[in-house]
Amino acid sequence: MIDRKDLLELISVPFKLEGLKPRFIRVSSAHISGISYNNIREEGLELLKEILSSGLRITVPTTINPGFCELEEQDCDKETYKKQLEIIETFKKLGAKPTLSCIPYLLGNIPKKGDHIAWAESNAVLYTNSVIGAWSNKESGLTALASAILGITSFYGVHLEEGRVPKVKVNFNFELSDEVDAGLAGFVLGKIVKDSIPFVSNSFKNRYDLIEFLASVGTSGVIPLVVIEGITPISVSKDYLNQIQSLSIGEEEINKAKSSLENLKSEEDAILMGCPHLSLKEVEDLLKLNRKRDKDIFIFVPKEVKAVVEKKYSKELKDKNIKLVSDSCILWGGIVSRNYRKVVTNSVKGAYYLRNVLKVEVGIRRKSEIMDV
Ligand code: F3S
């Protein structure tokens, strides 16, 4: 039996570790990660069922991350598919909206500037803090669920005004010409700033590159916020910026990061795009282009995007041999069931996890190397 006191204990850990009296703040929404059966396995599912049978229920609008299988296609092995469905059904019974997407900030759960929220999924936390100006620490799947039930979170970190002040300025000494440059810059930045909130200039060509940058920051680092000049609704004076530590990232660092992430030794079996999930506009932009590589292309999207695109662009999808996958993370059961051992992606975050979690060979290719841009 799990009760509210246990959940309160759990979200109080950051204070307990410092020997401080816990303080809390109300949250207006939650987003929960770690819902893939491949990730939480039997122990995670059992814990969710125990929370459900204890009578606890979610009390604030709450969405969930993607899982491991495409539900319509049932493309995982039977047992995994059954378990993945059970996880989703349990979340539904607890009161979560089964959005199964990692871009809730664009679709399904959009916070307002100044909202205090309890979100897991690092790319979503970084986007909502850095772009929208909502306030969330980087929660784990479990602390986000605890907050979704309790309606409160621990009042520390970037929930405090002083926790949102940049402590280091990071300069990019090269042009972030596309999503891969932006992703690699984010990956290096996440590592070098450690737990200091950084300030960066707006060097991004479009929203897609910015999302790839933030997703990579969350992959290599622990920070929940990057203050981006002209984007993040936090004002920082020039005088202050001149006083703080300044670091630089150059081409040498990003080339090194790229080589450390790649291990593809021969031609790929498949191309994977959409980590984080792509929005409708990003898929539409892709479908206008001709493809360059003769391999299966899978694009990971929210189910709402899949429904619209399959209806409106069925010919383009067929002609270009592009398959949309919804409900699933790029760490997808279809890679296992199709026995793909070598993949290519334009996502730095995707490359990191595909190599380390699914143990496939990975190459990083820019959109311009996959499609005829
Ligand atoms: Fe989304 Fe999975 Fe990438 S949750 S951000 S597609 S690793």
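This text follows the structure it describes.
These numbers were taken from a predicted model, which means no experiment stands behind them. (Residues numbered from 1 in each chain as written. Predicted model: local features only at pLDDT ≥ 70, side-chain atom pairs only at ≥ 80, totals over all residues. Heavy atoms only, no water.)

Asks: Teacher, can you tell me more about the site of the ligand here?
Replies: Inspection of the region around the ligand gives Asn65, Pro66, Cys102, Glu121, Asn123, Cys275, Pro276, Cys329, Ile330 and Lys349 as its neighbouring residues. Most atoms of the ligand, that is more than half of them, are within 2 Å of grid points of the largest pocket. Its residues assigned to classes, the shell around the ligand comprises six nonpolar, two polar and two charged. (Near = heavy atom within 4 Å. 1 Å grid on protein atoms, 1.4 Å probe; cavity = no way out; pocket = protein on both sides within 12 Å on 5 of 7 lines; lining within 4 Å. Sits in = over half its atoms within 2 Å of the grid points. Nonpolar A, V, L, I, M, F, W, Y, C, P; charged D, E, K, R; others polar.)

Asks: Would you mind showing me how to read the sheet that holds strand β15 (residues 361-364) here?
Replies: Two pairing modes exist for strands in a sheet, parallel and antiparallel, and in both the strands are linked by backbone hydrogen bonds. The strand order across the open sheet built from five strands is β13-β12-β10-β14-β15, with neighbouring strands paired in parallel fashion. Each edge of the sheet is formed by a strand with only one pairing partner; in this case those strands are β13 (322-325) and β15. Neighbour to neighbour, the strand axes of the sheet diverge by 25 degrees on average, direction disregarded. Where strand β10 (residues 270-273) and strand β12 (residues 296-300) come together, four bridges link them in parallel fashion. Looking across to β12, one finds that alanine 270 is bridged to aspartate 296. (Pairing = 2+ DSSP bridges. Helix = DSSP H or I, 4+ residues; strand = E, 2+ residues; numbered from the N terminus. Axes fitted to C-alpha atoms, helices over the stretch in contact; angles between N-to-C directions.)

Asks: Where do I start with the packing of aromatic side chains in this structure?
Replies: Each aromatic ring pair is summarised here by two numbers: the centre-to-centre distance and the angle between the ring planes. The full count for this structure, using the stated rule, is nine aromatic pairs. Ring centres 4.7 Å apart and planes at 45 degrees place the aromatic pair phenylalanine 204 and phenylalanine 213 in the tilted group. Each member of the pair, phenylalanine 204 together with phenylalanine 213, is buried. Here a set of aromatic residues connected by ring pairs shows up, and it is made of Phe298, Phe300, Trp332 and Tyr340. Lying over the aromatic face of tryptophan 135, arginine 164 brings its terminal NZ or CZ to 4.3 Å of the ring centre. (Phe/Tyr/Trp six-rings, centres within 6.5 Å; stacked < 30°, edge-to-face > 60°. Buried < 20%, exposed > 50% of the residue type's maximum accessible area, 1.4 Å probe, protein only. Lys NZ or Arg CZ within 6 Å of the ring centre and 35° of its normal.)

Asks: Where do I start with unusual backbone geometry in this structure?
Replies: Each neighbour pair has its own omega, and for cysteine 275 with proline 276 the value is -5 degrees, a cis peptide bond. Considering the arrangement of structural elements, one finds proline 276 in the loop between β10 and α11 (280-287). The backbone of arginine 41 shows a phi angle near 50 degrees, a positive value even though the residue is not glycine. Mapped onto the elements, arginine 41 comes out in helix α3 (residues 37-53).

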